[in-house]
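# A closer look at the structure
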Amino acid sequence: MNETPLVEVKGLRKSFTLKKGWFGTVKQLRAVDGISFAIRKGETFSLVGESGCGKSTTGRLVTRLLKPNGGEVWFNGQNISELNDNQMRPIRKHMQMVFQDPYASLNPRMKVKDLVAEPLLIHTKLSPKERDKLAHELLETVGLNSIHAERFAHEFSGGQRQRIGIARALSVRPSLIVADEPVSALDVSIQSQVLNLLQDLQEEYGLTYLFISHDLSVVEHISDRIGVMYLGNLVETADKDTLYDRPLHPYTQALLSSVPVPDPSRKKERIILKGDLPSPVDPPTGCRFHTRCPSCMDICKTKEPVFKEAEPGHQVACHLYDETIMK
Ligand code: SF4
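Residues numbered from 1 in each chain as written. Predicted model: local features only at pLDDT ≥ 70, side-chain atom pairs only at ≥ 80, totals over all residues. Heavy atoms only, no water.

Looking at an unreviewed UniProt entry, one finds the protein named Dipeptide/oligopeptide/nickel ABC transporter ATP-binding protein and attributed to Paenibacillus flagellatus.

## So, a nonpolar patch on the surface
Together, Met-297, Ile-299 and Leu-320 make up a nonpolar patch on the protein surface, roughly 210 Å² of accessible area in all. With respect to the secondary-structure elements, Ile-299 resides in helix H11 (residues 298-302). (Patch = residues over 30% accessible without salt bridge, like charges linked within 9 Å, V, L, I, M, F, W, Y side chains within 5 Å. Areas by Shrake-Rupley, 256 points an atom, 1.4 Å probe, with all protein chains shown as cover. Salt bridge = Lys/Arg side-chain N within 4 Å of Asp/Glu carboxyl O. Helix = DSSP H or I, 4+ residues; strand = E, 2+ residues; numbered from the N terminus.)

## Topic: a negative patch on the surface
Where like charges cluster on the molecular surface, the negative patch consists of Glu-220, Asp-224, Asp-239, Asp-241 and Asp-245. Note that Asp-245 resides in helix H9 (residues 240-245). (Lys, Arg positive; Asp, Glu negative; His and termini not counted. Charge placed at Lys NZ, Arg CZ, Asp CG, Glu CD.)

## Observations regarding the environment of Ser-46
Looking at where Ser-46 falls in the secondary structure, it is placed in strand E3 (residues 44-48). Residue Ser-46 is classed as buried on the basis of its relative accessible area, which comes to 0%. Note: C-alpha distance between Ser-46 and Asp-224 (178 residues apart in sequence) is 7.9 Å. Residues within four places of Ser-46 in sequence aside, it is in contact with Phe-211, Val-219, Ile-222, Ser-223, Arg-225, Ile-226 and Gly-227. A polar atom in the side chain of Ser-46 sits 2.7 Å from the side chain of Ser-223. (Buried < 20%, exposed > 50% of the residue type's maximum accessible area, 1.4 Å probe, protein only. Contact = heavy atoms within 4.5 Å. Polar contact = N/O pair within 3.5 Å; in protein donor to acceptor, adjacent residues only side chain to side chain.)

## Considering the nonpolar core
Among the nonpolar cores identified, the biggest contains 57 residues, and Val-116, Val-142, Ile-166, Leu-201, Phe-211, Val-228 and Tyr-251 are the most heavily contacted of them. With near-sequence residues (within four places) excluded, Tyr-251 lies in contact with Gly-49, Glu-50, Val-228, Met-229, Tyr-230, Val-235, Leu-273 and Phe-289. Residues Val-9, Leu-12, Ile-35 and Phe-45 belong to the second largest nonpolar core, which totals 27 residues. (Core = buried A, V, L, I, M, F, W, Y, C linked by side-chain atoms within 4.5 Å.)

## Things to note about the pattern of salt bridges
All told, the structure shown has 15 salt bridges when counted by the stated rule. Between Glu-50 and Arg-292 there is a salt bridge, with the nearest N and O atoms lying 3.2 Å from each other. Pair noted here: Glu-50 is in the loop between E3 and helix H1 (55-62) and Arg-292 is in the loop between helix H10 (250-257) and H11, with a separation of 242 residues, a long-range link. The buried category is assigned to Arg-292, whose relative accessible area is 5%. Across the pair Lys-55 and Glu-181 runs a salt bridge, and its minimum N-O distance is 3.9 Å.

## Side note on helix H2 (residues 85-92)
Those residues of H2 not exposed but buried are Met-88, Ile-91 and Arg-92. The buried residues of H2 occupy an angular sector of 95° when the element is viewed end-on, so they sit on one face. Turned more than 90 degrees off the buried face of H2, the exposed positions are Asn-86 and Pro-90. On its buried side, H2 packs onto strand E4 (70-75), strand E5 (78-79), strand E6 (95-98) and helix H4 (112-123). (Arc of directions from axis to C-beta.)

## A closer look at the pairing of E6
What you see with E6 is no split at all: Met-95 and Met-97 on one side and Gln-96 and Val-98 on the other are buried throughout. Where E6 meets strand E7 (residues 176-180), four bridges bridge the pair, whose relative direction is parallel. Counterpart to Met-95 in the pairing with E7 is Leu-176. (Pairing = 2+ DSSP bridges.)

## Structural notes on the packing of aromatic side chains
Within the structure shown, the criterion is met by four aromatic pairs. For the pair Phe-37 and Phe-45, a centre-to-centre distance of 4.9 Å together with 20° between the ring planes defines the contact as stacked. Residue Phe-45 is classed as buried on the basis of its relative accessible area, which comes to 0%. An aromatic cluster is present here, built from Tyr-230, Tyr-251 and Phe-289 joined pairwise through their rings. (Phe/Tyr/Trp six-rings, centres within 6.5 Å; stacked < 30°, edge-to-face > 60°.)

## Focus: the pairing of strand E9 (residues 225-230)
E9 sits mainly inside the fold: six of its six residues count as buried. Residues Arg-225, Gly-227 and Met-229 point to one face of E9 and Ile-226, Val-228 and Tyr-230 to the other, with burial holding for every one of them. Sheet topology places E9 next to strand E10 (residues 233-239); six bridges connect them, and they run antiparallel. Bridge assignment links Arg-225 to a residue of E10, and that residue is Asp-239. Between E9 and E10, which pair antiparallel in sequence order, lie two residues; one of them, Leu-231, sits at a positive phi of approximately 45°.

In structure tokens, the structure reads:
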């Protein structure tokens, strides 16, 4: 794996304005609140966390489907945070998305070969015949038969539709694929087939993945490094083995305690978090996790922990490690 980052996210912020009530009270929903991470060329970096933690918004900010309110996104050494649509067009070719619900993201009126070739129409000058040929080849690459090319998306199963979505993303030979919950709508048996396909394609095409999931058991299979998000903040990042063997943040520990382990001797005690996820419109003071944290201390209610390196390559935002961090 190359050490050069393909993506660098620096202090990224995104808030949405909400109007409420008779008097149109304006509130800000802070979906992503100052996060930083980098993704090296050829690696899979996964973002995990409960629904509403800001991971999907982060994926859309990285691909600039959304414009950030603050911070920066760098892609291949270029700051793309402020680029307009025209300036983004040549860059978009290099970053594609795979979505959770392939059916909703595929036009039901288009034949599969046209769905797969559509990005080629936008981003290349290939002739219709060349696009057609490439679409047939891509369908074979993702494990479908090229005779499927003349059919429509509704004629396929969920797993096959996700393969079509992947073929479509691959068509313009991107360097980055942002996969947002790509297997969570699929049966468990199909999930592993799609994950294996993504891994094979990564090897074959040298792809870099930003993989977004709420499910730590899915992420374990595919990730090199993992970032855990809570209420718009990154609370822990580490390489996969470190995170699974030695999670530091109480939130990561709770998430991991609910992942099924095949070996009964490694069975962990389940940590049940109290309360619901607080609203990102009005997040708790201090550490945002303090209302649910089993290890909460007084300082946690007032002082926000800094996201810092606790050991080489392992960052965490938690007052439990303040001293370790300062050594
Ligand atoms: Fe828990 Fe305090 Fe650490 Fe937050 S800072 S995770 S409340 S121990």
